[in-house]
Amino acid sequence: MTISIRSATPTDLPLIAQFIRDLADYEKLAHEVRFDEAKLDEKLFGPRPYAEVVIGELDGEPQGFALFFHNFSTFEGRPGIYLEDLFVRPEARGSGLGKALLAHLAQLCVERDCARLEWSVLDWNTPAIGFYQNLGAKLMDEWTVMRVDGDALTGLAETA
């Protein structure tokens, strides 16, 4: 079995959209998926891309993806990569593709002089947590994720 990782192109948009939906189903969050494919296309492949996507293939067949973007550590004084989504189709799990996608992102971190690779994982997803820890990742349980969205985001923006 041959594993390959490639950068996504605009022609991959339907595949990326399906991977996002499949990930949301797995995470029991399908009800939260509300993207518009045209807007997703613009944000990934338009004049100012906000994120990058790599596609993981087994024997030339797309079986997973990683969507990521740069963040910045003021303490390190260097950028990092934040992995927003990682998904491998169930039938391809155990093939090494998930590890290959993460290794590819780690390689990008090194090439781009990034200080770290970070991501979030749902606390109930013990298989993923164990997988990540076996790769050397550590839980950042002293941090709590905060979010402002929807009406609260609009309301906060209006106070500016």
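Residues numbered from 1 in each chain as written. Predicted model: local features only at pLDDT ≥ 70, side-chain atom pairs only at ≥ 80, totals over all residues. Heavy atoms only, no water.

Before we move on, could you go through the overall build of the protein chain and cite the residues and values that matter?
Secondary structure summary: the protein chain contains 5 helices and 5 strands in total. Order of helices (α) and strands (β) in the protein chain, N terminus to C terminus: β-α-α-β-β-β-α-β-α-α. In terms of its C-alpha atoms, the protein chain occupies a principal-axis envelope of roughly 55 × 35 × 35 Å. The buried share of the protein chain, reckoned over its 160 residues, is 31%. (Helix = DSSP H or I, 4+ residues; strand = E, 2+ residues; numbered from the N terminus. Buried < 20%, exposed > 50% of the residue type's maximum accessible area, 1.4 Å probe, protein only.)

Describe the packing of helix H1 (residues 13-26) against helix H2 (residues 37-45), and please don't skip the residues or the numbers.
Contact geometry for H1 and H2: axes closest at 11 Å, N-to-C directions at 110°. In terms of axis orientation, H1 runs roughly perpendicular to H2. Judged by residue contacts, Leu13, Pro14, Ile16, Ala17, Ile20 and Arg21 of H1 engage Glu37, Leu40, Asp41, Leu44 and Phe45 from H2. Residue composition of the contact of H1 with H2, grouped by class: 8 nonpolar, no polar and 3 charged. (Axes fitted to C-alpha atoms, helices over the stretch in contact; angles between N-to-C directions. Parallel < 35°, antiparallel > 145°, perpendicular 65-115°, else oblique. Contact = heavy atoms within 4.5 Å. Nonpolar A, V, L, I, M, F, W, Y, C, P; charged D, E, K, R; others polar.)

Give me helix H3 (residues 97-111): which residues, what numbers.
The end-to-end C-alpha distance of H3, which contains 15 residues, comes to 21 Å, matching closely the 21 Å that a straight helix rising 1.5 Å per residue would cover. Along H3, the positions that sit buried rather than exposed are Leu97, Gly98, Ala100, Leu101, Leu102, Leu105, Leu108 and Cys109. Packing partners of the buried residues in H3 comprise strand E1 (3-7), strand E2 (52-58), strand E3 (61-73), strand E4 (78-88), strand E5 (117-119) and helix H4 (126-134). Asp113 sits one or two residues past H3 and shows a positive phi near 55°. (Expected span 1.5 Å × (residues − 1).)

Give a description of unusual backbone geometry that names residues and reports values.
Here Lys28, not a glycine, exhibits a phi torsion of approximately 60°, which is positive. Mapped onto the elements, Lys28 comes out in the loop between H1 and H2. Look at Asp113: it is not a glycine, yet its phi comes out positive at around 55°. Within the secondary structure layout, Asp113 lies in the loop between H3 and E5.

With reference to specific residues and values, describe the layout of surface pockets.
Taken as a whole, the largest pocket encloses approximately 1900 Å³ of empty space. In terms of lining, the largest pocket is formed by 49 residues, of which the most central are Leu23, Glu27, Glu84, Asp85 and Leu86. Contributing elements (two or more residues each) for the lining of the largest pocket: H1, H2, E3, E4, H3 and H4. Per-element tally for the lining of the largest pocket: the top contributor is E4, with 7 residues. Taken together, the residues of the lining of the largest pocket break down into 30 nonpolar, 6 polar and 13 charged. Considering only enclosed or pocket space, the second largest pocket measures out at about 1100 Å³ in volume. In this structure, the second largest pocket is lined by 27 residues; those nearest its centre are Glu118, Trp119, Ser120, Met140 and Trp143. For the lining of the second largest pocket, the elements supplying multiple residues, two or more each, are E3, E4, E5 and H4. Partitioning the lining of the second largest pocket into residue classes produces 14 nonpolar, 8 polar and 5 charged. (1 Å grid on protein atoms, 1.4 Å probe; cavity = no way out; pocket = protein on both sides within 12 Å on 5 of 7 lines; lining within 4 Å. Points joined across faces, edges and corners; volume = space filled by probe spheres on them.)

Any chance you could break down the side chain of Asp12 for me, citing the residues and the numbers?
Looking at the element boundaries, Asp12 is found in the loop between E1 and H1. Here Asp12 falls in the buried class, since its relative accessible area comes to 8%. Among residues more than four places away in sequence, those in contact with Asp12 are Arg6, Ser7 and Ile55.

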